[in-house]
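So the chains spell out like this:
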Amino acid sequence: MSSRKTNVPLVTGAIFIATFMSAIEGTIVSTAMPTIVGDLSGVALMNWVFSIFLLTNAMATPIYGKLSDMFGRKRLFLFGLAIFIIGSTLSGTSNSMTELIFWRAVQGIGAGSIMPISFTIIADIYPFEKRAKVMGFNGSAWGIASIVAPLLGGFIVDQMSWHWIFFINIPVGLLAMAGIWIFLKEEPRKSTQTLDVLGSIWLSVALLALMYGFQVLGDTHINWLSLSVSLVVAVLSFCGFIRQEGRVANPIIPLQLFKIRTFVTQNLVAALISGFLMGFEVYLPTWTQGLLGLPASLAGFAITPSSLMWIVGSFIAGKLLLKWSPKNIINFSLTFILVGGLAMALAPQTTPFWCFFVIAAICGTGFGITITTTTVTVQNQVPKEDVGVATSLNTLSRTLGQTLMISVFGIIMNVQMANGVAAHKGTTMAMMNRLINPQTAKTLGNGLLKPLRQVLYSGLHWVFIVALGLVILSYLINQLDRRNKPET
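Residues numbered from 1 in each chain as written. Predicted model: local features only at pLDDT ≥ 70, side-chain atom pairs only at ≥ 80, totals over all residues. Heavy atoms only, no water.

### Section: the overall build of the protein chain
So, point 1. Broken down by element type, the protein chain carries 19 helices and 0 strands.
So, point 2. For the protein chain, whose C-alpha radius of gyration is 22 Å, the value lies close to the compact-globule estimate of 23 Å for 488 residues.
So, point 3. Along the longest, intermediate and shortest principal axes, the C-alpha atoms of the protein chain span 70 × 55 × 45 Å.
So, point 4. Here the protein chain holds 488 residues, and the buried ones make up 55% of them. (Helix = DSSP H or I, 4+ residues; strand = E, 2+ residues; numbered from the N terminus. Rg over C-alpha atoms; globule rule 2.2 N^0.38 Å. Buried < 20%, exposed > 50% of the residue type's maximum accessible area, 1.4 Å probe, protein only.)

### Considering the packing of helix H3 (residues 73-92) against helix H8 (residues 169-183)
So, point 1. One can describe the packing of H3 onto H8 by two numbers: an axis separation of 9 Å at closest approach and a directional angle of 170 degrees. Between H3 and H8, the interaxial angle falls into the category roughly antiparallel. Only Asn169, Ile170, Gly173, Leu174, Ala176, Met177, Ile180 and Trp181 of H8 make contact with H3, whose side of the interface consists of Lys74, Phe77, Leu78, Leu81, Ala82, Phe84, Ile85, Ser88 and Thr89.
So, point 2. Split into classes, the residues belonging to the contact of H3 with H8 amount to 12 nonpolar, 4 polar and 1 charged. (Axes fitted to C-alpha atoms, helices over the stretch in contact; angles between N-to-C directions. Parallel < 35°, antiparallel > 145°, perpendicular 65-115°, else oblique. Contact = heavy atoms within 4.5 Å. Nonpolar A, V, L, I, M, F, W, Y, C, P; charged D, E, K, R; others polar.)

### A few points about the environment of valine 229
So, point 1. Its place among the elements puts valine 229 in helix H10 (residues 224-245).
So, point 2. C-alpha of valine 229 to C-alpha of alanine 209: the two residues are 20 residues apart in sequence and 8.5 Å apart in space.

### Focus on the pattern of salt bridges
So, point 1. Counting across every chain of the model gives 2 salt bridges.
So, point 2. With a shortest N-O distance of 2.7 Å, aspartate 124 and arginine 73 are connected by a salt bridge. You can see aspartate 124 sitting in helix H5 (residues 114-125) and its partner arginine 73 sitting in helix H3, a full 51 residues away along the chain.
So, point 3. Residues joined by salt bridges that share partners form a network here, namely Asp69, Arg73 and Asp124. (Salt bridge = Lys/Arg side-chain N within 4 Å of Asp/Glu carboxyl O.)

### Brief notes about the state of the cysteines
So, point 1. Applying the stated criterion across every chain yields a total of 0 disulfides.
So, point 2. Cysteine cysteine 355 remains unbridged, with the sulfur of cysteine 363 as its closest cysteine sulfur at 13 Å. (Disulfide = S-S within 2.5 Å.)

### What to know about the side chain of serine 474
So, point 1. When you line up the elements, serine 474 lands in helix H19 (residues 446-478).
So, point 2. Here serine 474 is in contact with Val269, Leu272, Ile273 and Leu334, once residues within four sequence places are set aside.

### Digging into the layout of surface pockets
So, point 1. Volume-wise, the second largest pocket comes out at about 570 Å³.
So, point 2. Those elements that place two or more of their residues in the lining of the second largest pocket are helix H9 (197-217), H10, helix H11 (261-290) and helix H16 (387-423).
So, point 3. Among the elements that make up the lining of the second largest pocket, the one with the highest residue count is H16 (7 residues).
So, point 4. For the lining of the second largest pocket, the class distribution of residues is 21 nonpolar, 3 polar and no charged.
So, point 5. Split by domain, the lining of the second largest pocket shows at least three residues from each of two domains, domain 2 (196-249) and domain 3 (254-487). (1 Å grid on protein atoms, 1.4 Å probe; cavity = no way out; pocket = protein on both sides within 12 Å on 5 of 7 lines; lining within 4 Å. Points joined across faces, edges and corners; volume = space filled by probe spheres on them. Domains from an automatic or database assignment.)

### Describing the packing of helix H14 (residues 326-346) against H19
So, point 1. Between H14 and H19, whose axes approach to 9 Å, the crossing angle comes to 165 degrees. In terms of orientation, H14 and H19 fall into the roughly antiparallel class. As for how H14 packs across H19, the hand of that crossing is left-handed. The segment H14 lies against H19, with Lys327, Ile330, Asn331, Leu334, Ile337, Leu338, Gly341, Leu342, Met344 and Ala345 engaging His461, Phe464, Ile465, Leu468, Val471, Ile472, Ser474, Tyr475 and Asn478. (Left-handed = near helix turned anticlockwise from the far one by under 90°.)

### Brief notes about the nonpolar core
Buried together is how nonpolar side chains tend to be arranged in soluble globular proteins.
So, point 1. Phe276, Phe280, Phe367 and Phe464 are the most contacted members of the largest nonpolar core, which has 50 residues in total.
So, point 2. Elements that contribute at least two residues to this core include exactly H11, H14, helix H15 (353-380), H16, helix H17 (429-436) and H19.
So, point 3. With 13 residues, H19 is the single largest residue contributor to this core.
So, point 4. Among all residues touching phenylalanine 464, those that are not within four sequence positions of it are Gly279, Tyr283, Leu284, Trp287, Met344 and Ala345.
So, point 5. The next biggest cluster of nonpolar side chains, apart from the first, holds 44 residues, and it includes Val37, Leu203, Val378 and Ala390. (Core = buried A, V, L, I, M, F, W, Y, C linked by side-chain atoms within 4.5 Å.)

### Here we look at H3
So, point 1. Across its 20 residues, H3 extends 28 Å between first and last C-alpha, which sits within 8% of the 28 Å expected from 1.5 Å per residue.
So, point 2. Of all 20 residues in H3, 14 are buried; the element is thus mostly enclosed. (Expected span 1.5 Å × (residues − 1).)

### With respect to the domain arrangement of the protein chain
So, point 1. As assigned here, the protein chain comprises domain 1 (1-190), domain 2 (196-249) and domain 3 (254-487).
So, point 2. Here the C-alpha centre of domain 3 lies 26 Å away from the C-alpha centre of domain 2.
So, point 3. At the junction of the two partners, domain 2 supplies 12 residues and domain 3 supplies 9 residues.
So, point 4. Summed over both partners, the interface of domain 2 with domain 3 comes to about 910 Å²; 80% of that surface belongs to carbon and sulfur atoms.
So, point 5. Area buried by domain 2 at its contact with domain 3 is led by Met211, Phe214 and Leu217, which between them contribute 48% of it.
So, point 6. Taken together, the connections running from domain 2 to domain 3 amount to 0 salt bridges.
So, point 7. Along the contact surface separating domain 2 from domain 3 lie 1 residue pair in polar contact (both at pLDDT 80 or more).
So, point 8. Considering each element in turn, the side of domain 2 that touches domain 3 owes the most residues, 6 residues, to H9. (Buried area = accessible area lost by both parts, 1.4 Å probe. Polar contact = N/O pair within 3.5 Å; in protein donor to acceptor, adjacent residues only side chain to side chain.)

Following this line, the structure appears as structure tokens:
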């Protein structure tokens, strides 16, 4: 790719638009889901609208990474955006939940290209010393989306119809495609190598089974047979994948990458901290709504400082990468997250709302430094021809970490609430559901609010203790990296 011909600012803008479109998708669909369920009458299938998107996204990510190394970033990015737009359009025309789930799967296949290839293009068109800052700017799309999505989703559902939460992706996606098509100049690539199709199949089946197992694990009533079968299939498929990769000339994921100690440790840290991030983003608003009784519109702002400080953290990472080794940077960044995690784990039930702004700001700084450092480092650890694969593996690590831990956190909350309800006579799980929504919590009465909030606090307390354990484990794993020189 030739940065001399590429219009770098406009390509960066196009990547930002694509990232924002992907980032806003999950939250805006969540906002509209009650209306969608009411219209399509499919409450039993509601979770699959989200799950299938994650499944196909994860399956597609490593394949896009390999293909972008073989055939170039531009055509693969455009292809992925086109698939995303098609999936969005047909999702918006759905007349049943089954139909919506199918087209969400297509949408997820397209979305699998956006994050890894975005980061790979940034690595191609920016020198090392500027890359972290640009990734911080691009990552701010997630913070902006977290604020805009609920407001935009509510407006679209109230003033138009739920179909438009999908249709709105059409002009946005086309704008991103136009920016990449016109302004990204890439040297033509004609790879003489063939794609490892069998390896791709083994990997896709393994990831599908693993991700499905995570979804089953997060159900209120776990189907142990389905969980066991999915895990057995995942293990056997991964074994088949490793065997296949070891004997082909052009593996979809070169196994020698896993011999690079820094590459492995950085991806493991990214996975664990991404798991912590899910506990932070999902359960901190639950605290502010369920325990403090704040409306959803206000409670969601509890995590806003983390999005803003994430950008600051990315700029700090850019400076540190030129001076410190990745191991030292991660030790430094994990200190911020450790402080925030300790504060959440030890916070009393009466903690005032403003304290969560401070916690979020501290955690956000750590997130920005950690995620940016891990991404830039894994890119810099591999040969140029494997940058796409390395970036996609980093993205996949984060996705798997998030998906596994949101399931684990769900189990912890369900068990703690069930035990708490059993210990407090006159309370039920139905009341817990009403408590978390400030509008319905008002109907419970003061006599029930105190014990119910104590039950909820106990569940959140254990979620944050487990999340804190992820930070400590990340720190221990980072000590396995013996590199002492800064990246160059």
